[in-house]
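Reading the structure
Spelled out from the first residue to the last, the chains are:
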Amino acid sequence: MGTLKTEPARTRLDLLAPPVAAAVQAWPGEAPVDVDDVLVAPIDADLADTAAFCEAYEVGLEESANCVVVAGKRGGETRYAACVVLATTRADVNGVVRKLLDVRKASFAPMAEAVELSGMEYGGITPIGLPADWPILVDSRVVATAHVIIGSGVRHSKIALPGPALGALPGARVVEDLAKPA
């Protein structure tokens, strides 16, 4: 985990966006990953973007995950989903994701919409604490990674947790080839 100074997230709720903090506090005891394995580390908010973060904190791109919010319309209804992919890949938005959402066209949700609906900061959106009706699509490479670093809902910290934990989140679905190499 590079040079990050991590602590259990449940003891540092101040480093999490409110919906993320609420999800950590409500972490089910029967979850396959213990809440104490969900760690958080403060970072420089100016280094929150993946490439800058990885370089500054000596974290490999292969252990850094991104969460992108995707939107598509069907019958006048907008459908949202979160896609979790490794930083070495890109979500296949108009292939796999479009089909899974059952929409004609899918695209990244507009920044203002993603921020407002998630209650998180742009550049820090994480699948932990997202609206319950959003599917969380997790690339199979993410859950095969021992530990991944992902956003915390804010730009001034990151969450570190076992990759399999992301596939076990409520509403999560592990998808083969959700992403393509970057």
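Preceding this section is the structure that the text describes.
Here is what the cut-offs are and how they apply
Residues numbered from 1 in each chain as written. Predicted model: local features only at pLDDT ≥ 70, side-chain atom pairs only at ≥ 80, totals over all residues. Heavy atoms only, no water. Helix = DSSP H or I, 4+ residues; strand = E, 2+ residues; numbered from the N terminus. Rg over C-alpha atoms; globule rule 2.2 N^0.38 Å. Buried < 20%, exposed > 50% of the residue type's maximum accessible area, 1.4 Å probe, protein only. Contact = heavy atoms within 4.5 Å. Areas by Shrake-Rupley, 256 points an atom, 1.4 Å probe, with all protein chains shown as cover. Salt bridge = Lys/Arg side-chain N within 4 Å of Asp/Glu carboxyl O. Pairing = 2+ DSSP bridges. Core = buried A, V, L, I, M, F, W, Y, C linked by side-chain atoms within 4.5 Å.

Comments concerning the overall build of the protein chain
- Summing up its helical and strand segments, the protein chain has six helices and 11 strands in all.
- By the compact-globule yardstick of 16 Å for 182 residues, the protein chain fits well, its C-alpha radius of gyration being 15 Å.
- Dimensions along the principal axes, computed over C-alpha positions, put the protein chain at roughly 45 × 35 × 30 Å.
- Across the 182 residues in the protein chain, those meeting the buried criterion constitute 47%.
- Long-range contacts, defined as pairs at least 24 residues apart, comprise 69% of the intrachain contacts of the protein chain with a sequence gap of at least 6.
- Summing over all exposed atoms, the protein chain offers an accessible surface of approximately 8,600 Å²; the carbon and sulfur share of this is 52%.

Here's the deal with the pattern of salt bridges
- Under the criterion given, the structure shown has eight salt bridges.
- Among the salt bridges present, the one from Arg155 reaches Asp49, with a minimum N-O distance of 3.4 Å. With a gap of 106 residues between them, Arg155 in the loop between β8 (147–151) and β9 (157–162) and Asp49 in the loop between β2 (39–42) and α2 (50–57) connect regions that are remote in the sequence.
- A salt bridge links Lys180 to Asp92, with the nearest nitrogen and oxygen atoms 3.9 Å apart. One end of the pair, Lys180, is in strand β11 (residues 179–181); the other, Asp92, is in the loop between β5 (89–91) and α3 (93–101), with 88 residues separating them in the sequence.
- The exposure class assigned to Lys180 is partly exposed, which follows from its relative accessible area of 43%.
- Residue classification places Asp92 among the buried residues on the basis of a relative accessible area of 15%.
- Residues participating in the shared-partner salt-bridge network are Glu7, Arg12 and Asp14.

Here we look at unusual backbone geometry
- Phi angles above zero are rare outside glycine, and Glu58 is one such case at about 55°.
- Note on placement: Glu58 falls in the loop between α2 and β3 (65–74).
- A positive phi is found at Asp177, a non-glycine position, where the angle reads about 55°.
- If you trace the backbone, Asp177 turns up in the loop between β10 (172–175) and β11.

Describing the sheet that holds β9
- The strand order across the open sheet built from four strands is β1-β2-β9-β8, with neighbouring strands paired in antiparallel fashion. The open sheet has two free edges, formed respectively by β1 (7–8) and β8, since each of these has just one partner strand.
- Of the pairings in the sheet, the one linking β1 to β2 comprises two bridges and is antiparallel in character. Note on β2: the bridge partner recorded for Glu7 is Val40.

A look at the nonpolar core
- Judged by nonpolar contacts, the single largest core of 38 residues is most densely connected at Leu16, Val84, Ile150, Ile159, Leu161 and Leu166.
- Those elements that provide at least two residues to this core are α1 (18–25), β3, β4 (77–86), β7 (136–139), β8, β9 and α6 (163–167).
- Beyond its immediate sequence surroundings of up to four residues, Leu16 is in contact with Ala9, Ala21, Val24, Val40, Ser152, Val154 and Ile159.
- Within the second largest apolar cluster, 14 residues are counted, among which are Val97, Leu101, Val103 and Val175.

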